[in-house]
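A closer look at the structure
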Amino acid sequence: CSSDLKLAEESSLEITDKELQEYVELAIVNAAKQITKSEKTETEKFDKIKELYETQPTISMRSSERIEKQQYSTPVPIAFTAGMFAQTGGAKSFLDPSAGNGMLLINVDGNVIANEIDTTRAENLEKQEYQVRTQDATQPLPFKVDSVLTNPPFGSMEAKMYGQYKIGRAHV
C-alpha cells in the first residue's frame, strides 16, 4: 500500500491514503463482478477470483477512521463463496448490514440492500445500483430479508436486547 501511495505522490495526484485504498478495493470489487458475470463454470470463476486476490495490492495500512468504523475488507474468494452459499434455498432478498464497497455482494442477484455508514462507501454502493441504507446496523433494521451476508465489525459494544435476545461484546 505504501508503494501505491508513493506512486500517487510521484504522479502528482492529490489523494489521501484512505481514498487510494477505497479506489483499490472498489477496483477489486468491479473486477470480481466481471468475473462472476462471465460464462465460466463456478470452479473456473473461483479460480479467477483467487488469482485476482493473489495479485491485488496489499492494503495493510489502517487509518484512524478505518479503525474507528471497524472497516475490514473481506477477501474476495471468501466473498465469492459466501455469495454462492447465500443464494441457496431460494433466497431472493439479501442484506449486507456493513457493506463497505460491496465485496460480499459481488455475485448476489436479486433484491439487494447494502447498508453502510461511511459516506464514500455508500456513494460507491449507489454507483453499483444497490438499494443503499445508511443506518447504524447495531440498531434493528426496519425490514426483513431472506439472507444476510456480513463481515461484522470485530470491536466491542454494550450489550443490548433485541427482542428476547441479549447481544453484546461476546457476539461481535
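Overview of the structure. (Residues numbered from 1 in each chain as written. Predicted model: local features only at pLDDT ≥ 70, side-chain atom pairs only at ≥ 80, totals over all residues. Heavy atoms only, no water.)

Quick word on the side chain of Asn-107
Structurally, Asn-107 is set in the loop between strand E1 (93–96) and strand E2 (111–115). Judged by relative accessible area, which is 10%, Asn-107 ranks as buried. At 3.1 Å, the side chain of Asn-107 and the backbone oxygen of Phe-80 are in polar contact. Asn-107 has contacts with Thr-36, Ala-79, Phe-80, Gly-83, Met-84 and Gln-87, leaving out every residue within four places of it along the chain. (Helix = DSSP H or I, 4+ residues; strand = E, 2+ residues; numbered from the N terminus. Buried < 20%, exposed > 50% of the residue type's maximum accessible area, 1.4 Å probe, protein only. Polar contact = N/O pair within 3.5 Å; in protein donor to acceptor, adjacent residues only side chain to side chain. Contact = heavy atoms within 4.5 Å.)

Some remarks on the side chain of Arg-121
Locating Arg-121 in the fold gives a position in helix H6 (residues 119–127). Among the polar contacts made by the side chain of Arg-121, one reaches the side chain of Glu-22 at a distance of 2.9 Å.

Brief notes about helix H3 (residues 42–55)
Taking 1.5 Å per residue, 14 residues should reach 20 Å; H3 reaches 20 Å between its end C-alpha atoms and fits that length. All of the buried residues in H3 are Lys-45, Ile-49 and Leu-52. With its buried residues spanning 55 degrees around the axis, H3 presents them on a single face. Across H3 from its buried face, at more than 90 degrees, point the exposed residues Thr-43, Glu-54 and Thr-55. Next to the buried residues of H3 lie helix H2 (17–36) and helix H5 (76–86). (Expected span 1.5 Å × (residues − 1). Arc of directions from axis to C-beta.)

Focus: the packing of aromatic side chains
According to the stated counting rule, one finds one aromatic pair in the structure shown. When the centroid spacing of 6.2 Å and the interplanar angle of 45 degrees are considered together, the rings of Phe-46 and Phe-80 count as tilted. Taken together, the residues span a long stretch of sequence, with Phe-46 in helix H3 and Phe-80 in helix H5 at a distance of 34 residues. (Phe/Tyr/Trp six-rings, centres within 6.5 Å; stacked < 30°, edge-to-face > 60°.)

Considering the sheet that holds E1
Ordered in space as E3-E2-E1-E4, the four strands form an open sheet in which the pairing is parallel. Looking at strand neighbours, the two that pair on one side only are strand E3 (131–133) and strand E4 (147–148), the edges of this open sheet. Bridge count for E1 against E4 is two bridges, and the pairing is parallel. If you follow Leu-95 over to E4, its bridge partner there is Val-148. (Pairing = 2+ DSSP bridges.)

By themselves, these figures tell us nothing about what the structure is for.
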